[in-house]
Amino acid sequence: MAPAFEDPVSVRVLVRALLGWAVATVALSLIVRSVFALDTDADHPRAIVASVWSSGALVGRAVLAHAGDPDAALDAALSSHPGATLVYESAVGEGPVLVRPEAALAMSLVAGRDGLSVTMNGRTEYLTPDDLLVRHGYDTGLHLPSIGLVAGVDVPLALAILADRFGTPARDIVEHARVRRVRFVRSVPGSPPAPVITGDSMTDDDVAAGAFAAARFLARGIDADGRFRYIVDAPTNRTLPGYDWPRHAGATYFLAQAAALSHDADLAWATLRAASQLRDHAIVPCGPSRCVGEGQRVDLGSTALAVIAFVEIARTALDRGYALLVPDLTAFLRGQQRPDGEFMHEYDRGASAPIDVQLLYYSGEATLALSRAHALLADPRDLEAATRGLSYLTGPAWSFFGSRYYFGEEHWTCQAMDDLRDRAPDPRALDFCLRWQEYGRAMQYGPGDAPFDVDGAYGVGALFTPRLTPVASRCEAGIATLEAARRAGKTAAELSPLARQMRRSLALLLRQQFRPGPQHLFADPDAVYGAMPASAVDWQLRIDFAQHAGCALLAWHVSGG
Amino acid sequence: MRQRLPSLVFGIANLLTAAVVAVGVFAALPARWAPVDVAAAVLTALELTSAAGLLSGAAWAANVARVACAAALVLGLLLVTALAVTVGWLSGIYGPVGRGGAIVLALVAALALPYLVVLPALELVWLRPSKTP
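Reading the values: rules and limits
Residues numbered from 1 in each chain as written. Chains lettered and ligands numbered in written order. Predicted model: local features only at pLDDT ≥ 70, side-chain atom pairs only at ≥ 80, totals over all residues. Helix = DSSP H or I, 4+ residues; strand = E, 2+ residues; numbered from the N terminus. Expected span 1.5 Å × (residues − 1). Axes fitted to C-alpha atoms, helices over the stretch in contact; angles between N-to-C directions. Parallel < 35°, antiparallel > 145°, perpendicular 65-115°, else oblique. Left-handed = near helix turned anticlockwise from the far one by under 90°. Contact = placed C-beta atoms within 7 Å. Nonpolar A, V, L, I, M, F, W, Y, C, P; charged D, E, K, R; others polar. Domains from an automatic or database assignment. Pairing = 2+ DSSP bridges.

## So, helix α3 (residues 61–94) of chain B
Each α-helix turn comprises 3.6 residues. Residues three or four places apart therefore point the same way.
Here is step 1: The end-to-end C-alpha distance of α3 of chain B, which contains 34 residues, comes to 48 Å, matching closely the 50 Å that a straight helix rising 1.5 Å per residue would cover.
Here is step 2: Trailing α3 of chain B by a residue or two, Gly95 of chain B shows a phi angle of about 85°, which is positive.

The following block contains the structure:
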């Protein structure tokens, strides 16, 4: 008799095992989802964390069972801090949270919405969204520089705040406390929430008000020398270190537009002070011409944006004398152009030679600058250079396998395309810009796509708070594309998706703009009125955030929507 | 001695798996983490060895290939399970992960499943002991 055949891995056993694994995995995932999902009930909050804030500092707190319940500590804080604000953060949902590993805790809180309740030795303390927002506690926890990712709660900061409140080491909280995730909804007693601006409800008055508020925020930050407050920390109103000539020039350009449209003398004065800083301190010899920058090695973008700003100041008659500065600067830009139309983005002043490297944005900026300069001064060399630049940018520069399915963030090219539309129309460039916007539309969030306020923003997932400046810069390019397409004969029906895309993005910018924002968390709310944050939870205010948002809003205002 | 053509096919497939694991972990992942790195290094070494054995027709090839397949299958099942549970966790916290997130996760799963689940399962079936008494 033949021995029995032993088959340790029969097909039937393997298939059954794999099917069992698949079913178990799906079931496990659904269970995990159900365990960590919050059951929220906004009408019946579990607790109300009442805080008294004065000049961005927490000066009193109590946990109330119901809104309006009296509390002696809150009354004392309000009476000892005239002008303080009472704020309710209602706990509308609660669920478990993973305390370890740190990365899991960091990713466990929805930015700007979730906080923690921590119970230890019979005492409960709440870490609310306002506690974290005022300290930049969101979107700073996990850093993955290789892919430019920053996300999650700053866990050491969160634990330090809680440890301070409990008077215990942070380690004790991790090891001994009962930690829960809590969803909060903020309200300010006596202050009804402002109407929510959407793409449908947005009016031209909303748009103009947002643009001019952004301009006034920038103007207030210009010092006696004409320099901006480059980065402002909104909660503390401190000016953070750093400066950048391209962004200075870009902000000056926006101020010039706003000053001309608003006829606001303060804006005009601020524009000219910022421009004089460029004119008197930033223009240096660069070989046979002149450029904007400092040191031996200068970049193309500073000069390009300075030209755009100077042309705007001259065009709007804020000071026509700035036109005299333009030819030397455009000569430098033209000298940086290669025969194929691409630009060399750096220049070695010591060697009097261009450096053929390419950086983000500069070619588009130079193309727009040359186009604007030609519109003002009618030098045919500028038009020829701008035309070649646009042709390169929308042709060979974006021609590679898959280029129909991927686009970057460069937003100056399509503004140059629109600027040139009457003097050197380029149907291929218009087609490029329309395709870019179509790609953006596919990446645009709709309402409810993420737990944040994202309708009109761009991104690929619900885990990361969208940045607002890319929304604004895409709007600048999108509105320019819309204008050029209208003039090229595209019908309203054809352009309706793009127009709606722009309206939703602009409405997002208006919702997120500090007009006034959560004033109770700011040391000086008036100082940051009109500013545009980097995101809903990143409140370091760099000048180009307000500039791009303001330029987009003004472009929409001027185009009549 | 197993048939030459399937040996070549599975040998090349194991070589490809080794490359996918090595590139996926050591080039694509943005940070280093010992549990993942060590598991990936061991699996890469096993897949390379089994590929060498199968392609050269070595006598020890089947035994090493079985070990490599079992390791790949276990790690693949763990990886897909971890991904699925992570999706469940994230969607519990953030709600639906969105179309973009779903596409990214589906792509990761689609990359892992063929190399780390389907291939080792098929190869284990092929590597069953011969029915000859």
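More follows now that the structure is in view.
## Points about the packing of helix α16 (residues 469–487) of chain A against helix α19 (residues 543–559) of chain A
All names here are of chain A.
Here is step 1: Interaxial distance between α16 and α19 falls to 8 Å at its minimum, and their mutual angle equals 25°. One element, α16, and the other, α19, form an angle in the roughly parallel class. α16 and α19 meet at a crossing whose hand is left-handed. Residue-level inspection shows Thr469, Ala472, Ser473, Cys475, Glu476, Ile479, Ala480 and Glu483 of α16 in contact with α19, the latter providing Asp544, Phe545, His548, Ala549, Cys551, Ala552, Ala555, Trp556 and Ser559.
Here is step 2: Its residues assigned to classes, the contact of α16 with α19 shows 10 nonpolar, four polar and three charged.

## Brief notes about the domain arrangement of chain A
Residues and elements named next belong to chain A.
Here is step 1: Here the domain parsing of chain A yields domain 1 (47–187) and domain 2 (204–559).
Here is step 2: For domain 1 versus domain 2, the separation of C-alpha centres amounts to 37 Å.
Here is step 3: Contacts between the two partners involve 16 residues from domain 1, matched on the other side by 16 residues from domain 2.
Here is step 4: Every element with two or more residues in the side of domain 1 that touches domain 2 is listed here: β3 (85–96) and α4 (129–133).
Here is step 5: In terms of residue class, the side of domain 1 that touches domain 2 is made up of eight nonpolar, five polar and three charged.

## What to know about the sheet that holds strand β2 (residues 57–64) of chain A
Residues and elements named next belong to chain A.
Here is step 1: The six strands lie next to each other as β2-β1-β3-β8-β4-β5, forming an open sheet whose pairing is antiparallel. The sheet terminates laterally at β2 and β5 (123–127), the two strands that pair on one side only. On average, each strand axis in the sheet is inclined to that of its neighbour by 30°, with strand direction left out of account.
Here is step 2: Here five bridges tie strand β4 (residues 114–120) to β5, and the two strands are oriented antiparallel to one another. Each bridged residue has a counterpart across the sheet, and for Thr119 the counterpart in β5 is Thr124.
Here is step 3: Contacts from helix α2 (residues 72–80) reach β1 (47–54), β2 and β3 within the one sheet, and its direction differs from that of β2 by about 155°.

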